[in-house]
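# Reading the structure
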Amino acid sequence: MVHVQRTFTVPVEITRIAAYLRDFANAVQWDPGTMTCTQSTPDPIAVGTKWDNLSKVLGRETELIYELTQDAPDHITFVGKNKTATSIDDIRLRKINDESTELVYVSDVTFNGIAKIAGPILKFKFEKIGDEMEREMPGIITANA
C-alpha cells in the first residue's frame, strides 16, 4: 500500500473549499496525475455520485471509477477502483478563521495481484505528486473555489 499525507493552509473559507473539492471533476485542476475526470452519475452531487477518472502515473494511463463515499462539511472521501488498485482520497477541512482553512489530504492506494510488486516504486512517485500538490493546490483552490 502507498500512503501519502499532506497538510497545508488555504486562504479560502471552509464552505467554498468543500463545495469545490466535493466535485471530483475538479481533480483535473488540482491533481497532477489526473488527465480527465467526468461525472458519470446524474446531479446532484451526493454520497454515491461517481466519476470516470483517467490518470497518468510513471507514463502509464490508468482508469478508475471514483465514488463519493463521505460528504460532510469538513470531511470528503472518494474511493476509486479498477482491477489493479483501490485508491482512497480522504480530505479533512478545519476552519482556522473566516478566511482560512487547514486542509489535510490523505491518499491511500492498495494494489491488487501482480501490481503489488510496483508498490515500492510507486510510493516514490506518489510522494513526489504529494509534494507538487502541497505546493500548487492552495493557489489552485484560491483561484477556483
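Here's a quick rundown of the structure. Quick caveat, the model's predicted, so the values are computed rather than measured.

## Thoughts on the packing of aromatic side chains
Applying the stated criterion to the full structure yields 6 aromatic pairs. Measuring from ring centre to ring centre gives 6.1 Å for F24 and W30, while their planes differ by 75°; the resulting arrangement is edge-to-face. The residues F24 and W30 share a single accessibility class, namely buried. Ring geometry for F24 and Y66: centres 4.5 Å apart, planes at 40°, overall tilted. Of this pair, F24 sits in the loop between α1 (14-21) and α2 (27-30) while Y66 sits in strand β4 (residues 60-72), and the two are 42 residues apart along the sequence. Taking the relative accessible area as the measure of exposure, F24 reaches 1% and is therefore buried. Overall, the relative accessible area of 7% leaves Y66 in the buried class. Ring pairing ties together the aromatic residues F24, W30, W51, Y66, F78 and Y105, which thus form one cluster.

## A look at the nonpolar core
Counting residues in hydrophobic clusters, the biggest one holds 28 residues, and the most contacted among them are L21, W30, L103 and I141. Looking at this core, the elements that each hand over two or more residues are β1 (2-10), α1, α2, β4, β5 (75-81), β6 (85-97), β7 (100-111) and α3 (119-144). Aside from chain neighbours lying at most four places away, what touches L21 is W30, I76, F78, I91, L93, L103, M137 and I141. Counting residues in each nonpolar core, the second largest holds 7 residues, with V57, A85, F111 and F126 among its members.

Rules of the game
- Residues numbered from 1 in each chain as written.
- Predicted model: local features only at pLDDT ≥ 70, side-chain atom pairs only at ≥ 80, totals over all residues.
- Heavy atoms only, no water.
- Phe/Tyr/Trp six-rings, centres within 6.5 Å; stacked < 30°, edge-to-face > 60°.
- Buried < 20%, exposed > 50% of the residue type's maximum accessible area, 1.4 Å probe, protein only.
- Helix = DSSP H or I, 4+ residues; strand = E, 2+ residues; numbered from the N terminus.
- Core = buried A, V, L, I, M, F, W, Y, C linked by side-chain atoms within 4.5 Å.
- Contact = heavy atoms within 4.5 Å.

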